[in-house]
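Understanding the architecture of this molecule
Next come the chains, spelled out residue by residue.
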Amino acid sequence: MRKWTDQGRRRLEGVSAFADSRRDYLLEFEFLKSKFQRGGFMATEKRSTLNKELLFLILQFCNDEGYTRTAHMLERESGCYFDMEFVEDMVHTGKWDKVEKYLSGFTNVDSNKYSTKIYFEIRKQNFLEALDNNDRAKALDILMKDLKVFAAGNEELFREMTQLLTLDDFREHESLSMYGDVESSRKVLMDEIKKLIEANPNFHGKLKFPSIKSQRLRRLINQGLNWQHIQCKYPQPNPDVNTLFEDHVCQWQQNHLFMQSTENLVPSQDASVPDFPASRISGPSALTHAVSNEDMYLSGPITLATTSNNIGDSHTMSQKSLLGTEDEVTSAIPHLGRNHSPSPNIFDDLSIISMNNDMLQNIVPISHPDLPKTVARILNEVNSPMSMEFHPVYQTFLLVGTNIGDIVLWDVNSGEKLLSRNFMVWNIGACSMIFKTAMMKDPCMSVNRVAWSSTGSLFGVAYSKHIVQLYSYLGDTDVQQKLEIDAHVGGVNDLVFSTPQKQLMVITGGDDKIIKVWDAITGVQMHNLEGHEAPVYSLCPHYKEDIHFIFSTSVDGKIKAWLYDNLRARVHFDAPGLACTTMAYSADSRRLFSCGTNKNGESFLVEWNESEGGAKRTYQGLCKNSSAVVQFGLTKDKFLAAADDHVIKIWDMDKVELLTTIDAEGGLPANPHIRFNKEGTLLAVAANENKIKILAADYGLQLLNALEKDFVDMSSDVSDALRKLVINPSSTVASSGEADGEVPSNCNEESFKDVNNKFMDNINNKTDVWKIVQINRPSQCQSLQLSGHGKADKISRLIYTNAGNAILALASNATHLLWKWPQNDLNLSGKATTNVPPQLWQPRSCSQPMTNDLTGSKLEEAVPCLALSKNDSYLLSASGGTISLFNMLTFKTMMSIMPPSPATTSLAFHPQDNNIVAIGMDDCTILIYNVRLTKIKSRLKGHSGKVTGLAFSKTMNVLVSSGADAQIFTWNPDGWEKCKSKSLQLPDERMPVLESNTQVQFHLDQIHFLVVHETQLSIHEAKDLTCVQQWVPEDSTRISQATYSCDSQMVYACFTDGTVAIFGASDLELKCQIIPTAYLPTSARLNVYPFAIAAHPQKSTQFAVGLTDGGVIVLEPPQHGNTWYVGENGSAIANSMLEE
């Protein structure tokens, strides 16, 4: 194929070379002539540049608003920007006509030799694919209409292509014998097209989208409106801007409350700008003479007015926007290292006026209760903290390593030290002579890194000279020496735990430029990874599917990726700015981030595109002259934090602009150490004077306060089996891969689960002082009944879309109902709410609702089920018959999967691959199905009843299934082998209905999962199926369905008597009951009850129920409380309910 293609290229080059040079000369002459004829080449060039920049701003706006088709049309018609990714997507999907249409906006087939080659390669691929599909008629049509244009001067090539029509398989041709499948050939084609486009002069300057500040077009419009407002004769403090079609003019109001003042104004401020009263400003002004307009950016809009007495102070201010709502806004932040001269117009880059127009609404800043920002505890260390790490299970336990080699374990709840160990070498005789010599010269030792294993049964300490020490941890103050390893020559700069092939390893990197992998149980060195040319700085182990690898960084700014072998690095690339960098994955393992500082003090926080080895986005706001390497952390799969310039800076992962800053009440060094706990509710920050400040989010404060009232002493509860974790009470010392003893490799990790169980029991069995809140009147909650359809059939399944703006219901008659909430002035977010009714949505192109295929199904026996893809684009659904794959935008059935017998009873998308679906069947089996390949990958057997519940863990690599047999199973997706099984403990006096459905749902931690059976609710651990909590109704009332709230802090459950119950998720203790009289219409209360329930994906206090009469009701707590019971977030609304 390559030979044949190269011959064609050489022939084409000769044909087009002369024509290209002549054509390019004439085009350039005509272009220059037209410029001068219009009067002034430079002026025209300037106007052209501004027009082009305006086009880019419009493109940015279209992409931000989701008008991608419009954006691509504008790109093609203007020719200003060529979207390579868009073309690549079309090539990979074989949309050849659309590819050529998009290309036509930038070049033609005879523009130059590169363009000719591009069109030839595309049409040739289309021709070969038609032949491969045995579509001779189409291939002939392509040959005569599309490829014949290349025949002139290339008769031999055209003749060869014609001969291909006579072959049964064109691969019989010698030059095409290596032609692969369609997917691989399209990939090769795209690589070739990229090279041709990059070399093509028609595309020069059009392949890179310029770097533009977010929402730039809105900002420019706001600046214009602000200028108009300043020029108003009678400027009002809260102007209402409803149109852009006319200039803004404030009308005189006789009773306006704010008088104009010319006193205390910023010198460059117009006197007509109104001065807001000081009582309305909770922080300083964002306008400062020391910062130019180009050095300022905001996380959201501010209003027009300022007061001079606040200028120069910092951080946030709260003012009423022009829409009349309270907004909290971060102040403008100067970028260090730039010119900070005053600007002639201080309003140039500030977003001032909020428009009612949907097209121009600003990003409204909101408070973030999930961010740890309140100083809850201050821990006083004797020496300087060098490294910190929260325990992965006991999330209020903090391990600290100091600058003199001490390790300290703190209970941040009580503020007390649980234990403290001074540095000592456990067995100097087993250490190397180099280490002994180094210690004799300088006995001082500092901790470089402390780290816990994933279950917290071990922790490791890396020191500034040679050695690593591992301890086993049994809870409370029970710490035992485990291993001492003479690991590196020089300092050990990082230490992490990993479990490739289910074997616990500890990985170290040091000053000797080497990465070493050790068996964490025996201390034997398993791998030696060499290749860095500078000391190793940090390590980041990870895995994708079944491939385990290690990212490493060095102090010279190099990043490498390794497999667990003794071979060279598989991947090499540079850190941004060649910075000394730390890398980390998000909690869901999907996104990779890094943060570092180079020799010049420039710091870089980026998200990586792993497939390309480059930065996907670079976050703004870090200093340019840091004195040390900036530390960073991730939390909630949503926020990034970096310790910089004496504060903690916070970003939304999806936005490059700085979101906010946290000063921790001051007293922070320039670049403090920071560390989040696993849930992101607590943040430890190393402060001045050897202090550690513990910052808490709202829920973190509740956790600390709750534990403070009833602290659990674990020391008396550690079981004998737990203490058997200590394999050798005296230490085991290893050097260069030699171990003093053999130990079972699974002893620590397998046995540590008992610690977790004991801890959870102690925490969860505490006496709860909260009363059960009973809601029995409509005034005690907010409810909204969704309308727009004739109720007849019960709602069998109910889910929210992942975006949170719609509810999808599957009725028992196999039809789907989709309600969408509008985005308007009454509902700015566009999310589901009880304040605004949604619309029963139907695409214009489809007059019928999505309806499952009922061929061969028995509706009375069917178990309806559905699963929605992560991007809300596709829906899998079944009602006892064939599984249907629907397009959620068009409601059209894209394909049908599986015959109707046996019937499908449950569905679940694989969290990492939407093409893989787990399908539960009524013949007791589970099918693992590849939708793209329409192929069954595996068939899982074990249940003795129909499989009615399926759930994947995003982090534990496990599938949990449940069935009508009241059994739960776990399966390993690597080989789809059965791991464990367990039968539910059903109450003796309450036998379930024959083949009662059992459902499962994972907790947000992806470790525990909820099991819903009509006789009980229970929470289990996925690792060993241990039942952590169980709740059984006191009477014979049956549970119809239950679900976690989106933050997994509550469990919503509905019952066959019409009651809805709300439980605390940690202890399954009943907190609140909603009686049918509070939410069901009077006419619907007889024999009607909620059969399905769903929780909003972003609002933890909102849920919806689907009724047996076909109705759907959305429920929220009252507006003045915004919570269902006292204790969940500290609200007092439950008290007011009790008083009522």
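Keep in mind the model is a prediction, meaning the values are calculated, not measured.

With that out of the way, let us pick up the overall build of the protein. Scanning the protein from N- to C-terminus turns up 17 helices and 60 strands. Classification of the 1140 residues of the protein by burial places 54% in the buried group. Across the protein, every contact between residues at least 6 apart in sequence was considered, and the portion connecting residues at least 24 apart equals 55%. A total accessible area of about 50,300 Å² is found for the protein, and carbon and sulfur atoms account for 50% of it.

Before going further, it helps to examine the pairing of strand β41 (residues 893–897). Here four bridges tie strand β40 (residues 883–887) to β41, and the two strands are oriented antiparallel to one another. Within β41, the residue paired with F886 across the bridge is T893. Between β40 and β41, which pair antiparallel in sequence order, lie five residues; one of them, F891, sits at a positive phi of approximately 65 degrees.

With that settled, the discussion passes to the sheet that holds strand β38 (residues 865–868). The strand order across the open sheet formed by four strands is β38-β39-β40-β41, and the pairing between neighbours is antiparallel. Of all strands in the sheet, those bounded by a partner on one side alone are β38 and β41. Pairs of neighbouring strands in the sheet enclose a mean axial angle of 20 degrees, with direction left out of account.

Each pair of packed helices can be summarised by the angle the axes make with each other and by the distance between the axes. At their nearest, the axes of helix α4 (residues 84–92) and helix α5 (residues 96–103) sit 8 Å apart, and the two run at 155 degrees to each other. By the angle class used here, α4 and α5 are roughly antiparallel. Handedness of the α4/α5 crossing: left-handed. Residues F86, V87, M90 and V91 of α4 touch α5, and the partners they reach there are W96, K98, V99 and Y102. Within the contact of α4 with α5, the residues separate by chemical class into seven nonpolar, no polar and one charged.

Taken as a whole and assessed by the stated rule, the structure comprises 29 aromatic pairs. With 5.1 Å between their ring centres and 85 degrees between their planes, Y81 and F209 make a pair best called edge-to-face. Note that Y81 is positioned in the loop between α3 (68–78) and α4 and F209 in the loop between α9 (182–199) and α10 (216–231), a separation of 128 residues in sequence. Relative accessible area serves as the criterion here: at 12%, Y81 is assigned to the buried category.

The subject of this paragraph is the pattern of salt bridges. One pass over the full model with this rule turns up 20 salt bridges. For E121, the salt bridge goes to K124, with nearest N and O atoms at 3.1 Å. On the criterion of helical spacing, the pair formed by E121 and K124 is a turn pair, its members being three residues apart in helix α6 (residues 113–132). Taking relative accessible area as the criterion, E121 reaches 4% and is therefore assigned buried. Classification of K124 as buried rests on a relative accessible area of 2%. Put simply, E389, R449, D494 and R675 are held in one network by salt bridges that share partners.

Together, R69, K95, K98 and K101 give the surface a local cluster of positive charge. Along the chain, R69 turns up in helix α3.

Feature annotation in UniProt places "repeat: WD" (unreviewed entry) on residues 485–528 and 940–972, given in this structure's numbering. Overall, residues 940–972 shows 0% helix and 64% strand. The separation of its end C-alpha atoms is 11 Å.

As a further point, take the confidence of the model for the protein. Within the protein, residue pLDDT values average 78, and 76% of them lie at 70 or more. Put simply, strand β1 (residues 316–320) is where the protein has its lowest mean pLDDT, 31, and strand β13 (residues 505–510) is where it has its highest, 96. Low pLDDT, under 50, characterises residues 1–44; the stretch is placed with 52 contacts to residues that sit more than four places away or in other chains. Confidence drops under a pLDDT of 50 for residues 254–366, and excluding neighbours within four residues, the segment shows 242 contacts in the predicted structure.

One finds F82 and F127 to be the most contacted residues of the largest nonpolar core, which totals 38 residues. Contributions of two or more residues to this core are made by α4, α5, α6, α7 (136–147), α8 (155–163) and α9. The greatest single-element share of this core, amounting to eight residues, is contributed by α6. If we ignore the near neighbours within four places in the chain, the residues touching F127 are A139, I142, L143, L147, M161, L164 and L165. Judged by nonpolar contacts, the second largest core, of 24 residues, contains F397, L409, L418 and F423.

Time to look at the sheet that holds strand β23 (residues 614–619). Strand order in the open sheet formed by four strands is β20-β21-β22-β23, and the pairing between neighbours is antiparallel. The open sheet has two free edges, formed respectively by β20 (580–585) and β23, since each of these has just one partner strand. Here the strands of the sheet are splayed against their neighbours by 30 degrees on average, with no regard to which way each runs. Across six bridges, strand β21 (residues 592–597) lies against strand β22 (residues 603–609) in antiparallel orientation. What sits directly across from T597, in β22, is S603.

Mapping Q785 onto the fold places it in strand β33 (residues 782–786). As a C-alpha pair, Q785 and Y1079 span 294 residues in sequence and 8.8 Å in three-dimensional space.

Phi angles above zero are rare outside glycine, and Q501 is one such case at about 50 degrees. If you trace the backbone, Q501 turns up in the loop between β12 (492–498) and β13. You will see that D872, though not glycine, has its phi angle at about 65 degrees, which is positive. Within the secondary structure layout, D872 lies in the loop between β38 and β39 (874–878).

Counting buried positions along strand β44 (residues 925–930) yields six of six residues, so the element is predominantly enclosed. The side-chain alternation of β44 yields two buried faces, one formed by T925, L927 and Y929 and the other by I926, I928 and N930. With five bridges joining them, strand β43 (residues 916–921) and β44 adopt antiparallel strand pairing. Residue pairing in the sheet places I919 in a bridge with L927 of β44. Between β43 and β44, which pair antiparallel one after the other, the connecting turn spans three residues, and C924 there sits at a positive phi close to 80 degrees. If you look at the hairpin formed by β44 and strand β45 (residues 935–941), you'll find four residues sitting between the two strands, and T934 has a positive phi there, around 45 degrees.

Bringing the packing of α6 against α9 into the picture now. Two numbers describe how α6 lies on α9: the axes approach to 9 Å, and their chain directions differ by 170 degrees. The angle between α6 and α9 falls in the class roughly antiparallel. On α9, the residues that touch Y114, K117, I118, E121, I122, Q125, E129 and D132 of α6 are V182, S185, R186, L189, I193, L196, I197 and A199. In the contact of α6 with α9, the residues fall into nine nonpolar, two polar and five charged.

To continue, consider α5. Those residues of α5 not exposed but buried are W96, V99, E100, Y102 and L103. Projected onto a plane normal to the axis of α5, the buried residues spread over an arc of 160 degrees and lie on a single side. Pointing more than 90 degrees away from the buried face of α5 are the exposed residues D97, K98 and K101. The inward-facing, buried residues of α5 abut α3, α4, α6 and α9.

Further remarks concern the side chain of E389. Residue placement: E389 occurs in strand β4 (residues 385–390). Exposure remark for E389: the relative accessible area of 17% places this residue in the buried category. Among residues more than four places away in sequence, those in contact with E389 are F397, L398, L399, R449, V450, A451, W452 and R675.

Our next topic: the environment of S446. You can see S446 is positioned in the loop between α11 (433–441) and β8 (447–452). Separated by 17 residues in sequence, S446 and Y463 have C-alpha atoms that sit 5.7 Å apart.

In this section: the side chain of S1045. By the secondary structure assignment, S1045 is in the loop between β54 (1039–1044) and β55 (1050–1055). Residue classification places S1045 among the buried positions, given a relative accessible area of 3%. Among the polar contacts listed, one links the side chain of S1045 to the side chain of D1047, at a separation of 2.7 Å. Reaching out from S1045, the side chain makes a polar contact with the backbone nitrogen of Q1049 at a distance of 3.4 Å. Look past the residues within four positions of S1045 in its chain and what remains in contact with it is M1050, Y1052, A1095 and S1100.

The rules behind these values
Residues numbered from 1 in each chain as written. Predicted model: local features only at pLDDT ≥ 70, side-chain atom pairs only at ≥ 80, totals over all residues. Heavy atoms only, no water. Helix = DSSP H or I, 4+ residues; strand = E, 2+ residues; numbered from the N terminus. Buried < 20%, exposed > 50% of the residue type's maximum accessible area, 1.4 Å probe, protein only. Contact = heavy atoms within 4.5 Å. Areas by Shrake-Rupley, 256 points an atom, 1.4 Å probe, with all protein chains shown as cover. Pairing = 2+ DSSP bridges. Axes fitted to C-alpha atoms, helices over the stretch in contact; angles between N-to-C directions. Parallel < 35°, antiparallel > 145°, perpendicular 65-115°, else oblique. Left-handed = near helix turned anticlockwise from the far one by under 90°. Nonpolar A, V, L, I, M, F, W, Y, C, P; charged D, E, K, R; others polar. Phe/Tyr/Trp six-rings, centres within 6.5 Å; stacked < 30°, edge-to-face > 60°. Salt bridge = Lys/Arg side-chain N within 4 Å of Asp/Glu carboxyl O. Patch = residues over 30% accessible without salt bridge, like charges linked within 9 Å, V, L, I, M, F, W, Y side chains within 5 Å. Lys, Arg positive; Asp, Glu negative; His and termini not counted. Charge placed at Lys NZ, Arg CZ, Asp CG, Glu CD. UniProt positions renumbered as here; feature names shortened; annotations may be inferred. pLDDT = per-residue confidence, 0-100. Core = buried A, V, L, I, M, F, W, Y, C linked by side-chain atoms within 4.5 Å. Arc of directions from axis to C-beta. Polar contact = N/O pair within 3.5 Å; in protein donor to acceptor, adjacent residues only side chain to side chain.

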